[in-house]
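Listed below are the residues making up each chain.
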Amino acid sequence: MVEINEKYIGSVCEMSSLSNELVCIGKLSALPSPDNEFKLSVASSMDSFPVLAHHTPLKVHIRSAKYDSIFLLGKVSVCKSNIMTFSEIECVAQTEKRDAFRVSYSQKSAFYLKGDRKPAGILAFADISLGGFLCRSREKLSTGKLYNVELPMREGTYLFTFRVVRNLLSDRQDVFTYGCQFVDIGEKQLDALARFVFTLQKENISKLRQHSR
């Protein structure tokens, strides 16, 4: 039986297909029972779950602002508009773990060295996830420093702290590309970000479908 501490109740969950395509995002609402089932519910501000067939296999990434992420594999036993129950739950092998699902995000925003109110430059976002983002900038950022950036989302603008974890090759000498990771993210920020990422994913899928017609 998979054991999950009750401290994870209310944590954001990313559900994806076996091919790592995002299916939906919800919140953990119940721990595994003796028959190895657990339930996921959608926050009131999120859309309802999609209709999924019985025994559909999904990867479940449980993310918490305070605790380590949990990676699971399970099969859908019940799927309603506001609740999803999984059975046959097992921990995903280390080799199957992956970064948070990323979606395209075209936006620009000023960033600041943490503790400084003077803008250090502008970030041009390329994609975003619950764990971080890919961006470009004319400014050189250090991997050893913390920065703040305000992210405009559907329900308002949120301040996030981040660090650079990768310096990527760029096709221009005057522009730098960075892989960034969120640091000290709060539950309120994570909830808002989860809703925003899922909304962007649906919009991207809709655009792809329109272009393919």
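Above this note sits the structure.
From a predicted model like this one, the values you see are computed outputs, not experimental measurements.

Chemist: Please explain unusual backbone geometry as it appears in this structure.
Modeler: A negative phi angle is the norm for most residues apart from glycine, just as the trans form is the norm for most peptide bonds. A positive phi angle, close to 50°, is found at glutamate 88, a residue other than glycine. Tracing the chain through its elements places glutamate 88 in strand 6 (residues 83–91). Using a relative accessible area of 43% as the deciding quantity, one classes glutamate 88 as partly exposed. Of note, aspartate 184 is a non-glycine position whose phi angle comes to about 55°, a positive value. Summarising the element assignment, aspartate 184 is placed in the loop between strand 12 (176–183) and helix 1 (187–211). Residue aspartate 184 is classed as exposed on the basis of its relative accessible area of 65%.

Chemist: I tried to follow the layout of surface pockets on my own but got confused; where do I start?
Modeler: Which parts of space are left empty comes out when a probe the size of a water molecule is rolled across the atoms. What the second largest pocket holds in volume is close to 170 Å³. Taken together, Lys108, Gly121, Ile122, Ala124, Arg136, Ser137, Arg138, Glu139, Arg172 and Val175 form the lining of the second largest pocket. If you list the elements that add at least two residues to the lining of the second largest pocket, you get strand 8 (119–128) and strand 9 (132–137). Looking at the lining of the second largest pocket element by element, the count peaks at three residues for strand 8. For the lining of the second largest pocket, the class distribution of residues is three nonpolar, two polar and five charged.

Chemist: Looking at this structure, how should I read the environment of arginine 117?
Modeler: Inspection of the secondary structure puts arginine 117 in the loop between strand 7 (103–113) and strand 8. Using a relative accessible area of 81% as the deciding quantity, one classes arginine 117 as exposed. In sequence terms arginine 117 and asparagine 148 are 31 residues apart; their C-alpha atoms lie 9.5 Å from each other.

Analysis parameters
- Residues numbered from 1 in each chain as written.
- Predicted model: local features only at pLDDT ≥ 70, side-chain atom pairs only at ≥ 80, totals over all residues.
- Heavy atoms only, no water.
- Helix = DSSP H or I, 4+ residues; strand = E, 2+ residues; numbered from the N terminus.
- Buried < 20%, exposed > 50% of the residue type's maximum accessible area, 1.4 Å probe, protein only.
- 1 Å grid on protein atoms, 1.4 Å probe; cavity = no way out; pocket = protein on both sides within 12 Å on 5 of 7 lines; lining within 4 Å.
- Points joined across faces, edges and corners; volume = space filled by probe spheres on them.
- Nonpolar A, V, L, I, M, F, W, Y, C, P; charged D, E, K, R; others polar.

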